[in-house]
Amino acid sequence: MAQAMAQSAVIIGASGGIGAALADAIGEEGSHDVVHRFARSFADAARIDITDEASIAAAVAEVAKGPPPTLVFVATGLLHDGERGPEKALKDLDGDWLARNFAINAIGPALVAKHFLPLTPKAGRSVFAVLSARVGSISDNRLGGWHGYRASKAALNQLIRTIAIEERRRNSSSIVVALHPGTVDTALSKPFQGNAAEGHLFDAGRAAAQLLDTIEGLRPPDSGKLFAWDGAEISP
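Small disclaimer: the values here were computed from a predicted structure and weren't measured.

Visitor: Outline the packing of aromatic side chains, supporting the account with residue identities and numerical values.
Guide: Taken as a whole and judged by the stated rule, the model has two aromatic pairs. Their ring planes at 75 degrees and their centres at 6.0 Å tell us that Trp-146 and Tyr-149 sit as a pair that is edge-to-face. On the accessibility criterion, Tyr-149 (9% relative accessible area) is buried. Plain terms: the ring middles of Phe-202 and Trp-229 are 4.8 Å apart, the flat faces sit at 65 degrees to each other, and that makes the pair edge-to-face.

Printed below as a string of structure tokens:
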């Protein structure tokens, strides 16, 4: 019987609540021979800043030393930073803040795909997943506000769709997907957790398990779509 090919998993944003929990869960599962953890706050070869394309390329060179990744998960995102947070009204729009939202929430993950997807196998199941958000759904937007976050996540969802189409030509079994984790008890959601429905504020460990379960249930026809933590598809 042929021996199974060694494989690795890559978690980008592994210093955050969800990213760290994902890396821990994958390591405990033993489904991948190597789990690479990258984050902007990490040092040396483990450091990656998704707004710096050179650091992404350096991370790829590090991963390329070992078995190919069959799971790449981008667990990064920007909702607020210090006193700056999501806009409540049109008058709050600021060009620099909008640009930063797009740089971290849309452009960065796309650059990660640009460099990491060629490293994944050309045949067999592989998954490239990014954290997105339900508020990035245009059809689901009934409240307004949060202009930069909504728009950057909508852009991310479109990029995922476009990347998935191209990736399917390289590997018909690949899955490129955006995932909504729900409201998770992390620093990103801390100021807004009061809006979570009862029973729908998840700790990071549960959120990671739910996301991995959702990934496990995905098939190639699901590539390019946005799914919630419970496996339900979210309309764009």
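Once you've had a look at it, read on.
Visitor: Tell me about the packing of helix 1 (residues 17-29) against helix 5 (residues 204-216), and please be specific about residues and values.
Guide: Two elements in contact, helix 1 and helix 5, have axes separated by 8 Å at closest approach and are oriented at 60 degrees. As for the relative orientation of helix 1 and helix 5, their crossing is right-handed in sense. From helix 1, Gly-17, Ile-18, Ala-21, Leu-22, Ala-25, Ile-26 and Glu-29 reach across to helix 5, where they touch Ala-204, Gly-205, Ala-208, Leu-211 and Leu-212. For the contact of helix 1 with helix 5, the per-class residue count stands at nine nonpolar, two polar and one charged.

Visitor: An account of unusual backbone geometry is needed here, citing residue identities and associated values.
Guide: The phi angle at Asp-44 is positive, at roughly 55 degrees, despite the residue not being glycine. Unlike most non-glycine residues, Trp-146 shows phi in positive territory, near 50 degrees. With respect to the helices and strands, Trp-146 occurs in the loop between strand 4 (126-131) and helix 4 (147-170). For Trp-146, a relative accessible area of 23% puts it in the partly exposed group.

Visitor: Before we move on, could you go through helix 5 and cite the residues and values that matter?
Guide: Here helix 5 spans 18 Å end to end across 13 residues, near enough to the 18 Å set by a 1.5 Å rise per residue. Among all positions of helix 5, only Ala-204, Ala-207, Ala-208, Gln-210, Leu-211, Leu-212, Thr-214 and Ile-215 are buried. Two or three places before Gly-205, at the start of helix 5, stands the capping residue Asp-203, its side-chain oxygen 3.1 Å from that residue's backbone nitrogen.

Visitor: With reference to specific residues and values, describe the pattern of salt bridges.
Guide: Tallied over the full model, the rule gives nine salt bridges. Between Glu-167 and Arg-170 there is a salt bridge whose closest N-O contact spans 2.9 Å. Of this pair, Glu-167 and Arg-170 both sit in helix 4, three residues apart, which is roughly one turn of that helix. Among the residues examined, Arg-170 registers a relative accessible area of 25% and is labelled partly exposed.

Visitor: Describe the pairing of strand 1 (residues 8-12), naming the residues involved and giving the relevant values.
Guide: Among the five residues that make up strand 1, five are buried, leaving the element largely enclosed by the rest of the structure. What you see with strand 1 is no split at all: Ser-8, Val-10 and Ile-12 on one side and Ala-9 and Ile-11 on the other are buried throughout. As defined by bridge partners, strand 1 adjoins strand 2 (residues 34-38) across five bridges and the pair is classed as parallel. Note on strand 2: the bridge partner recorded for Val-10 is His-36. With helix 1 bridging strand 1 and the parallel strand 2, this β-α-β connection has right-handed handedness. With five bridges connecting them, strand 1 and strand 3 (residues 69-74) associate as parallel partners. When the bridges of strand 3 are listed, Ser-8 appears paired with Pro-69.

Visitor: Break down the packing of helix 2 (residues 53-63) against helix 3 (residues 95-116) for me, with residues and values.
Guide: Between two packed helices, both the angle of their axes relative to each other and the distance between the axes serve to describe the pair. Relative to each other, helix 2 and helix 3 sit at 35 degrees, their axes nearing to 10 Å. Once helix 2 is placed against helix 3, the crossing between them reads as right-handed. Taking contact as the criterion, the partners of Glu-53, Ile-56, Ala-57, Ala-59, Val-60 and Val-63 in helix 2 are, on helix 3, Gly-108, Leu-111, Val-112, Lys-114, His-115 and Phe-116.

Reading guide: rules and limits
Residues numbered from 1 in each chain as written. Predicted model: local features only at pLDDT ≥ 70, side-chain atom pairs only at ≥ 80, totals over all residues. Heavy atoms only, no water. Phe/Tyr/Trp six-rings, centres within 6.5 Å; stacked < 30°, edge-to-face > 60°. Buried < 20%, exposed > 50% of the residue type's maximum accessible area, 1.4 Å probe, protein only. Axes fitted to C-alpha atoms, helices over the stretch in contact; angles between N-to-C directions. Helix = DSSP H or I, 4+ residues; strand = E, 2+ residues; numbered from the N terminus. Left-handed = near helix turned anticlockwise from the far one by under 90°. Contact = heavy atoms within 4.5 Å. Nonpolar A, V, L, I, M, F, W, Y, C, P; charged D, E, K, R; others polar. Expected span 1.5 Å × (residues − 1). Polar contact = N/O pair within 3.5 Å; in protein donor to acceptor, adjacent residues only side chain to side chain. Salt bridge = Lys/Arg side-chain N within 4 Å of Asp/Glu carboxyl O. Pairing = 2+ DSSP bridges. Right-handed = clockwise from strand over helix to strand, strands pointing away.

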